[in-house]
Amino acid sequence: MYRPPRAHHCRVCQRCVRRMDHHCPWINNCVGEWNQKYFLQFLVFVGILCVYSLFLIASSWIQPCSSAPCKPPPMMVKQARLMHSVILSMESILFGLFVSAIMCDQLQAIFSDETAVEQVKRQGPYRGRRPKLVMLKEVCGKAHPVLWLLPCTSAPNSHTATAPHPPILPV
């Protein structure tokens, strides 16, 4: 049975994945050659939403909503609003930090051309040293870097033009 280079078996998915980095429970799938770009986009958008929620919390305290005409809210409403803001702020900060750490790990894996599985096995980089932009283009596609944030741009690798979808390799 032939196994392509850099393919690893996932115990959760029960299939082989090319350039497998890890199995992610958030997306319930393996992050590998065919979906690493979309995983990065997911991390970027979750990070942006964390910052956006912090902005909304801050703006709600700077300029509070006034649906009633100049009537101060009761103490219970103030306490509930404060508790909600504190919990939402903590959640946004923790998610933001977690997502930032994962994104840094993914970018480091792309720039070093070494997946997490290969790092654990201490196999070293698969190829020689290449420029970082070339490595990002290999994952995100040859389109303009601004278009990398759009989930509908072209497939990442040049060999994808011949294969319409990722092959499922036998176990």
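A few points on the structure. On a predicted model such as this, the values are computed, not experimentally measured, just so you know.

1. Structural notes on the packing of helix H2 (residues 75–112) against helix H4 (residues 132–140)
Consideration 1: Where H2 meets H4, the closest approach of the two axes is 8 Å, and the angle between their N-to-C directions is 110°. One element, H2, and the other, H4, form an angle in the roughly perpendicular class. Taking contact as the criterion, the partners of Leu 107, Ile 110 and Phe 111 in H2 are, on H4, Lys 132, Met 135, Leu 136 and Val 139.
Consideration 2: For the contact of H2 with H4, the per-class residue count stands at six nonpolar, no polar and one charged.

2. Structural notes on the packing of aromatic side chains
Consideration 1: By the definition in use, this model includes four aromatic pairs.
Consideration 2: Ring centres of Trp 26 and Phe 95 lie 6.1 Å apart, and the angle between their planes is 40°; this geometry places the pair in the tilted category. One end of the pair, Trp 26, is in the loop between strand E3 (22–24) and strand E4 (29–31); the other, Phe 95, is in helix H2, and 69 residues separate them in sequence.
Consideration 3: For Phe 95, a relative accessible area of 38% corresponds to the partly exposed category.
Consideration 4: Through pairs of rings, three or more aromatic residues link up here, namely Trp 26, Phe 39, Phe 42, Phe 95 and Phe 98.
Consideration 5: The ring of Trp 61 carries the charged tip of Arg 81 above its face, separated from the ring centre by 4.0 Å.

What counts as what
Residues numbered from 1 in each chain as written. Predicted model: local features only at pLDDT ≥ 70, side-chain atom pairs only at ≥ 80, totals over all residues. Heavy atoms only, no water. Axes fitted to C-alpha atoms, helices over the stretch in contact; angles between N-to-C directions. Helix = DSSP H or I, 4+ residues; strand = E, 2+ residues; numbered from the N terminus. Parallel < 35°, antiparallel > 145°, perpendicular 65-115°, else oblique. Contact = heavy atoms within 4.5 Å. Nonpolar A, V, L, I, M, F, W, Y, C, P; charged D, E, K, R; others polar. Phe/Tyr/Trp six-rings, centres within 6.5 Å; stacked < 30°, edge-to-face > 60°. Buried < 20%, exposed > 50% of the residue type's maximum accessible area, 1.4 Å probe, protein only. Lys NZ or Arg CZ within 6 Å of the ring centre and 35° of its normal.

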